[in-house]
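# Reading the structure
So the chains spell out like this:
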Amino acid sequence: MEGECRAPQARSSGLPAGGGGGESPGGDAPLPGSSGSSALLQAEVLDLDEDEDDLEVFSKDASLMDMNSFSPVMPTSPLSMINQVKFEDEPDLKDLFITVDEPESHVTTIETFITYRIITKVRAHYLSYFCIWLGIQTSRGEFDSSEFEVRRRYQDFLWLKERLEEAHPTLIIPPLPEKFIVKGMVERFNDDFIETRRKALHKFLNRIADHPTLTFNEDFKVFLTAQAWELSSHKKQGPGLLSRMGQTVRAVALSMRGVKSRPEEFMEMNNFIEIFSQKINLIDKISQRIYKEEREYFDEMKEYGPIHILWSASEEDLADTLKGVASCIDRCCKATEKRMSGLSEALLPVVHEYVLYSEMLMGVMKRRDQIQAELDSKVEALTSKKADTDLLTEEIGKLEDKVECANNALKADWERWKQNMQNDIKSAFTDMAEENIHSYEQVLG
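The chain carries the name Sorting nexin-7 isoform X4 in an unreviewed UniProt entry, which gives Tursiops truncatus as its organism. The heading Subcellular location (unreviewed entry) in the UniProt record of the chain holds the text "Early endosome membrane". What UniProt states about the chain under its Subunit (unreviewed entry) heading is, verbatim, "Heterodimer; heterodimerizes with SNX4."

On a plain count of helices and strands, the chain comes out with 13 helices and 3 strands. Every one of the 445 residues in the chain was classed for burial, and the buried ones make up 41%. Of all intrachain contacts in the chain linking residues separated by at least 6 positions in sequence, the fraction that spans at least 24 positions is 80%. With an accessible surface of roughly 25500 Å², the chain has 55% of that area assigned to carbon and sulfur atoms.

What follows concerns the nonpolar core. Of all hydrophobic cores here, the largest spans 33 residues; its most connected members are I118, F157, L160, L205, F220 and F223. Of all the secondary-structure elements, those providing two or more residues to this core are β1 (96-107), β2 (112-122), β3 (147-153), α5 (154-167), α6 (191-210) and α7 (218-225). The element best represented in this core is α6, accounting for 6 residues. Once residues within four sequence positions are removed from consideration, I118 is found in contact with I98, T99, V100, F148, E149, V150, R152, F157, L205, F223 and L224. Counting residues in each nonpolar core, the second largest holds 25 residues, with F266, M269, F272 and L347 among its members.

Next up on the list: the packing of helix α10 (residues 264-301) against helix α12 (residues 319-384). The interhelical angle for the contact between α10 and α12, taken along N-to-C directions, is 155°, at an axis separation of 8 Å. As the angle between them shows, α10 and α12 are arranged roughly antiparallel. Between α10 and α12 lies a crossing of left-handed hand. Of the residues in the contact of α10 with α12, the class split is 24 nonpolar, 9 polar and 6 charged.

A separate point is α12. Residues spaced three or four apart along an α-helix face the same direction, because each turn holds 3.6 residues. Compared with an ideal rise of 1.5 Å per residue, which puts 66 residues at 98 Å, α12 spans 95 Å between its outermost C-alpha atoms and is within 8% of the ideal. Along its length, α12 reaches its greatest deviation from straightness, about 35°, at L348, and the proline P349 lies no more than four positions downstream.

Right, let's talk about unusual backbone geometry for a bit. Not every positive phi belongs to a glycine, and E102 is a case in point at roughly 45°. Residue placement: E102 occurs in strand β1. The class of E102 is partly exposed, set by a relative accessible area of 45%.

The subject of this paragraph is the pattern of salt bridges. Under the definition given, this model contains 18 salt bridges. In this structure, E102 and R117 form a salt bridge, with 3.3 Å as the shortest nitrogen-oxygen distance. Residue E102 is found in strand β1, and its partner R117 is found in strand β2; the two are separated by 15 residues along the sequence. Taken together, the shared-partner salt bridges connect K203, R207, E353 and D424 into one network.

Both β1 and β2 contribute to a ladder of 10 bridges, which runs antiparallel. Bridge pairing in β2 links T99 to I119. Turn length for the β1-β2 hairpin, with the two strands adjacent in sequence and antiparallel, is 4 residues.

Conventions we followed
- In this numbering scheme, every chain counts its residues from 1 along its sequence in written order.
- Given that this is a predicted model, residues contribute local features only at a pLDDT of at least 70 and side-chain atom pairs are listed and counted only at 80 or more, while totals for whole chains, interfaces and linings are drawn from all residues.
- Hydrogens are left out, water is left out, and the side-chain values use all remaining heavy atoms of the structure.
- UniProt positions are given in the numbering used here, feature names are shortened, and annotations may be inferred rather than shown by experiment.
- Secondary structure follows DSSP: runs of H or I at least 4 residues long count as helices, runs of E at least 2 residues long count as strands, and numbering of each begins at the N terminus.
- When accessible area is computed with a 1.4 Å probe and restricted to protein chains, residues below 20% of their type maximum are described as buried, those above 50% as exposed, and intermediate ones as partly exposed.
- Contact criterion: two residues are considered in contact whenever any of their non-hydrogen atoms come within 4.5 Å of each other.
- Using a 1.4 Å probe, accessible areas were evaluated by the Shrake-Rupley method; residue-level cover was limited to the displayed protein chains.
- What we call a nonpolar core is a set of buried Ala, Val, Leu, Ile, Met, Phe, Trp, Tyr and Cys residues that are connected through their side-chain atoms within 4.5 Å.
- Simply put, an axis is a line fit to the C-alpha atoms, just over the touching stretch for a helix, and the angle between two N-to-C directions goes from 0 to 180 degrees.
- An angle below 35 degrees is treated as roughly parallel, one above 145 as roughly antiparallel, one from 65 to 115 as roughly perpendicular, and anything else as oblique.
- Here a crossing is taken to be left-handed if its near helix is turned anticlockwise relative to the far helix by less than a right angle, and right-handed if that turn runs clockwise.
- Charged residues are taken to be Asp, Glu, Lys and Arg, nonpolar residues to be Ala, Val, Leu, Ile, Met, Phe, Trp, Tyr, Cys and Pro, and polar residues to be all remaining types, Gly included.
- The span one expects for a helix is its residue count, reduced by one, times 1.5 Å.
- The angle separating two fitted axes, one through the seven residues that finish at a residue and one through the seven that start at it, defines the bend at that residue.
- Salt-bridge detection follows one rule: a side-chain nitrogen of Lys or Arg within 4 Å of a carboxyl oxygen of Asp or Glu.
- In this scheme, strands are said to pair when DSSP sees at least two bridges between them.

Written out as structure tokens, the structure reads:
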């Protein structure tokens, strides 16, 4: 439950929690009017007005004289000056910049696996000198260097995800890509699959880095900075096998027991998750089918161009017409290929990520219910006086605090996730529509 009972930590800008600092790219502001399990991905899920940018951009030709002179539109306090200054090459307050690249195959006598290079750059905010002058701390003190480079394999990412879930059971941890694909293990090592996984792992780490709580997790820092032997040693410090088995058995028992009365807000949340899961899985299937049909259409059409060129060589009277048809087919092929590229890079990954998110959300709700079920069982035991009442009373007090922390963490992260989800899905479909319009305009032109 690390970090869930306290206010979200301020990011590198040094502003106090709840202050007027700029928002992170995903946006942490709560979504107004979020209710209702009856919203079937209509206005609440897919229709979101564009957020107004809180940060003002100073004009490029603004001089020091203009900044020092009094103006009613200029900020009058140091913190408000930080909040309103924004440079074009640094659009946010991000302080961790993570890149996942250079996949590399490793073959041993036991197994074959892929590792990925992870480069982490840690830096103070672009206003660091200005902030230092104001006495505001901007650096991430837990990092002892400004850049780290490590290599990690998929099971290391899986370990990180599991540790984050243990430390923050009711926070929404970003999903990892599936370990295997349906067609079989042989295709795990083709270039397309490796590149798709690399992009997904890159997004996974950057979503954690952008999270106001997860970014400060100690295991996350170790994952980004420790060498292979150090990471292996750190993994051994976790709970032993017997302890993990005991936790699993207890979790299963609490799941079987269930909760007597889930609070109304979590009932609505659970209903939303079920509806969202159905809809996003349907969208994912339709999108995959469209891509498959586009691929089949492209593969068939690209054979017709050369056929018409060969045909024109034997039909002098129709040569110009046949060459024109071949040219038209060629333009259609290029437009279709570009449209397929946009679909596979912009829409499909976003939709499938939220399919995985829907599964993660069900797990979060299950863990929240387990915490409440544990409290309910202690209350029942106290009521029936089956155990030492003084000990039970103390345990119930601790569990009540634990349930409150878990509920508050989930409610705060839920609003943040919904805001990100709506922005991501809206952006993906808007970009896809604009790309299709552009492609058709090129064909017609």
